[in-house]
Amino acid sequence: MATVAVTAEREHYLNKEYGIRSWLLTTDHKRIALLYLASITFFFFIGGFFALLIRLELLTPAGDLVQADTYNKLFSMHGQVMIFFFLIPSIPAVLGNFLVPLMIGAKDLAFPRINLLSWYLYMIAGVIYIHCIVTGGVDTGWTFYTPFSTAFSNTRVIEAGIAIFIAGFSSILTGLNFVVTIHRMRAPGMTWSRLPLFIWAHYATSIIQLLGTPVLAVTLLLVVFERAFNLGIFDPTRGGDPLLFQHLFWFYSHPAVYIMILPAMAVESEVVACFTRKRIFGYNFVAMSSIAIAVFGFLVWAHHMFVAGISLYSALIFSILSYLVAVPSAIKVFNWTATMYKGSISFTTPMLYAFGFIGLFTMGGLTGLFLACLGIDVHVHDTYFVIAHFHYIMVGGAVMGYLGGLHFWWPKISGRMYPEGWGRLAALLVFVGFNLTFFPQFILGYMGMPRRYWQYPPEFQVLNVLSTAGSTILAVGYVLPMVYFLWSMRYGKIANDNPWGAAGLEWKTSSPPPTFNFDEAPEVTWEAYNYEEIPAPAEVPVER
Amino acid sequence: MSDSPIAVEQHGPELLHHFVDAEQQRDAATLGMWLFLATEIMFFGGMFCAYLIYRYAYYNEFAAGSRSIDIWLGTINTAVLICSSLTVALGVRAAQMGKRKLLVVLLLLTIVFGLAFLGIKGVEWYQKFEEHHIPGHSFNADDLVKEYPQIHIDQQHEQIYFSLYFAMTGLHALHMIIGVGIFIFLTYYAGKGRYTPKYYTPVEIGGLYWHFVDIVWIYLFPLLYLIDRKPLR
Amino acid sequence: MSEHIMSSKLYYTIWIALLCLTVVTAAVSFVDLGRFNTVIALVIATFKALLVVLFFMHVKYTSEKLTKIVITAAIFWLFLLLALSMADYGTRFLS
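Residues numbered from 1 in each chain as written. Chains lettered and ligands numbered in written order. Predicted model: local features only at pLDDT ≥ 70, side-chain atom pairs only at ≥ 80, totals over all residues.

Caption draft 1: Seen up close, the overall build of chain C. For chain C, the helix and strand inventory stands at 3 helices and 0 strands. The helix and strand sequence of chain C, counted from the amino end, reads α-α-α. Relative to the globule expectation of 12 Å for 95 residues, the C-alpha radius of gyration of chain C, 18 Å, shows a markedly less compact shape. Principal-axis analysis of the C-alpha atoms gives chain C an extent of 60 × 35 × 10 Å. Taken over 95 residues, chain C has a buried fraction of 32%. The contacts of chain C with a sequence gap of at least 6 include a subset with a gap of at least 24, amounting to 57%. (Helix = DSSP H or I, 4+ residues; strand = E, 2+ residues; numbered from the N terminus. Rg over C-alpha atoms; globule rule 2.2 N^0.38 Å. Buried ≥ 20, exposed ≤ 12 C-beta atoms within 10 Å, placed from the backbone. Contact = placed C-beta atoms within 7 Å.)

Shown next as structure tokens:
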């Protein structure tokens, strides 16, 4: 497999066994991470394809590319695919699966077979959802609101609901595995206060997955029962309350956004520390903020329902709680920034993504505060302002975190360096493309353009055209890494154990690691982020 | 999926290679099961939330619906599950003490109790079918309206009570079926002598699951069957 | 989980207690106590659940604090769902 065979090839997790059975029946957390990498990339492109069609339709004010019903399906499936089949698994299932055991000095996760089961559940869910797409799709919005989803939609609601139900179990089992692993399998000397912040953030994410996802599961099941067996739980004609669905749905779906962002924050901490060569400022605060985000994130869900008909008193409560939940996120941003102060900064690809993350996540988070304000929300709810807000966090935040993490740990995962020049170019394209796509949407929303509409008044066209133009640049930025990562697996410069000179147990084993992670069980006697003891790499590895 | 040969030779085959020792493996398994039960609390909790809200809104219909289900069968079923929890607990104890035959008997008894519960539940559901209390097109609560002329019963709202009744008892029954399935496996392996005082973790965590399903029923019973049984004036 | 082997006598005692409480809760429901019927039913159910958790599930005898934290957290989270939902439903028709 190596193009330049300098020595006999060392055995590691990639070459230990070959053949499709060794991959499909693996219990090695690192191989399972790669299985997930392949599958979520596939779904990313499906979700991206729907986005492309949406943006093409919105190039012109008239509804001239697709019919209205089709447009409803496009935005619904774009949302469901991107959230349930890409973002929720992304960092935890790829980077988390790969790194959690390595970072704590364990040989594998606590339950390797359940880990594999998680992936199979995800794949089964994915196949069912693909079948749903090709047999008619779903047009309820990603949110499945009743009574449209239960009584009026003529699309494949049951199938989509079942697919997401199964995907939810994949998520729950991943979270369960991480919590048990982190509690029970830390190497000797790896105390809680020596854990990388990546682990703290994934621990917080796992708590959300465990406590929130089951509520989504039962809610979707009730929708399926209502459609299939004519039960009347959400049926207004029988006295059912559509808002009950929304309460139960958002009880999960709001914390879900923290499932999506906390792992990106996990990456951020590791990348910022490494490329400023400093311990993260305020380690305890960042660790505790992760937990605080997980807890507070469960207290704010009805801010999605301010204009749906909830009582004003509860709206006030949820509004103030929504302001409070921003605090721990802000603490993290301040701490990352403070880490950079007087640090020795290198502008590598992961660090470019990290810079982008801080700026874009902050913008997304601040606009969330606008939305938490009842008076403003009345005007911008269900407009493009909301769409811009969550895309800033989920794309400008979470996806950039994912890409930054993939680049940072690529040498460890594959044993190769990606081409740094192309990496930086792609990061720049993503940043520019992203802002061009989504900043105009803030303005559109403020001006009153509603979301989920397939036509719009002509005065909104210029901004929509800008947005679509941005999305094409963004698409190029996303395709490039796919190409050069694949290229690097054969032709990339061979990486040594620690090309970045980073702290963390994962960098103390070879790249790629052996199947059981460490040749000798590690014993930890140092604090996290001990950059004062780690020499900077002689040169930041750049492919010329 | 190859095992490091050293680990296998020094410990029994049930010690998985990525664990340091049997105690770590057992601690991980029990923590994992408790976390799973926490997810189940939230899973059933969503339905309890729906129940809470609709009972608050439609008390009369919930009361009438509650009276129409068989309190004797419900009480008997509660007792059946309590007996099954006893046999499970005694079974874990038998495993701890290495009493293989006793363990098998207790596991089988647990399965019998579980099947009895499901059988009685089936009878109850059939009763509802006969009385036209299944939500949907053939739903008819005229009998309830007639029975309680002094309170106003909205037949549409009555469907909500029964929708929740079927959803909650249905999902509970599904968990029972899964539990019975798990215990069939446990019985088989217990019969083969796989569980010893040194290694009986599957019995222990299977037992935890079973007890949890029992606890869900302990709450379902008063909430569904005992809303309002006082004599009508 | 602890290795503590409990006496079968204790198990049988808990079993009898659970059966008695079941009979009590069913019987009490026939007595008119107004709003307290619900309260008593839930209190008895909670007591039964506690007996199962503490004794049959060995939580009373475990030295593992994490188990108790997990149980408490789950119940608390459910309570959050119920309480904050009721914050809406309970105040909808106030004004």
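Caption draft 2: Region of interest: the interface of chain B and chain A. Between chain B and chain A, the residue contacts involve 34 residues of the former and 35 residues of the latter. Taken together, the elements giving at least two residues each to the side of chain B that touches chain A come down to helix 2 (22–57) and helix 7 (155–191) of chain B. When grouped by side-chain class, the residues that make up the side of chain B that touches chain A number 18 nonpolar, 13 polar and 3 charged. (Nonpolar A, V, L, I, M, F, W, Y, C, P; charged D, E, K, R; others polar.)

Caption draft 3: Representation of the packing of helix 2 (residues 29–57) of chain A against helix 16 (residues 461–491) of chain A in the model. Residues and elements named next belong to chain A. Viewed as axis vectors pointing N to C, helix 2 and helix 16 meet at an angle of 160 degrees, and their least axial separation amounts to 10 Å. In terms of orientation, helix 2 and helix 16 fall into the roughly antiparallel class. Classified by chirality, the crossing of helix 16 by helix 2 is left-handed. Judged by residue contacts, T41, G48, A51, R55 and L56 of helix 2 engage S467, T468, S471, A475 and M482 from helix 16. Here the residues of the contact of helix 2 with helix 16 are counted per class, giving 4 nonpolar, 5 polar and 1 charged. (Axes fitted to C-alpha atoms, helices over the stretch in contact; angles between N-to-C directions. Parallel < 35°, antiparallel > 145°, perpendicular 65-115°, else oblique. Left-handed = near helix turned anticlockwise from the far one by under 90°.)

Caption draft 4: Broad picture of the interface of chain C and chain B. Taken together, the contact between chain C and chain B spans 35 residues of the former and 35 residues of the latter. Sorting the residues of the side of chain C that touches chain B by element identifies helix 1 (8–28), helix 2 (36–56) and helix 3 (65–89) of chain C as the ones contributing at least two each. Examining the composition of the side of chain C that touches chain B, we find that 12 residues originate from one element, helix 3 of chain C, more than from any other. A breakdown of the residues in the side of chain C that touches chain B according to their chemical character gives 27 nonpolar, 6 polar and 2 charged.

Caption draft 5: Geometry of the confidence of the model for chain C. In the predicted model, chain C carries a mean pLDDT of 91, and 95% of its residues have values of at least 70. Taken together, the chains of this predicted complex give a pTM of 0.95 and an interface ipTM of 0.93. (pLDDT = per-residue confidence, 0-100.)

Caption draft 6: Highlighting the packing of helix 8 (residues 201–225) of chain B against helix 2 of chain C. At a minimum axis distance of 9 Å, the contact between helix 8 of chain B and helix 2 of chain C shows a crossing angle of 170 degrees. Considering the angle they form, helix 8 of chain B stands roughly antiparallel to helix 2 of chain C. Between helix 8 of chain B and helix 2 of chain C, the contacting residues are B:H211, B:D214, B:I215, B:I218, B:Y219 and B:P222 on the first element and C:A41, C:L42, C:A45, C:K48, C:A49, C:V52 and C:F56 on the second. Here the residues of the contact of helix 8 of chain B with helix 2 of chain C are counted per class, giving 10 nonpolar, 1 polar and 2 charged.

Caption draft 7: Molecular detail of the domain arrangement of chain C. The assigned domain composition of chain C is domain 1 (1–61) and domain 2 (64–95). Inter-centroid distance (C-alpha atoms) of domain 1 of chain C to domain 2 of chain C is 22 Å. (Domains from an automatic or database assignment.)

Caption draft 8: Highlighting the environment of C:L54. Residue and element names in this part refer to chain C. With respect to the helices and strands, L54 occurs in helix 2. Distance in space between the C-alpha atoms of L54 and L21 is 16 Å, their sequence separation being 33 residues. Residue contacts for L54: discarding those within four places in its chain leaves V59 and K60.

Caption draft 9: Representation of the environment of A:A475. As for its placement among the helices and strands, A:A475 is situated in helix 16. Once the C-alpha coordinates of A:A475 and A:V430 are considered, the two residues, 45 residues apart in sequence, prove to be 7.9 Å apart.

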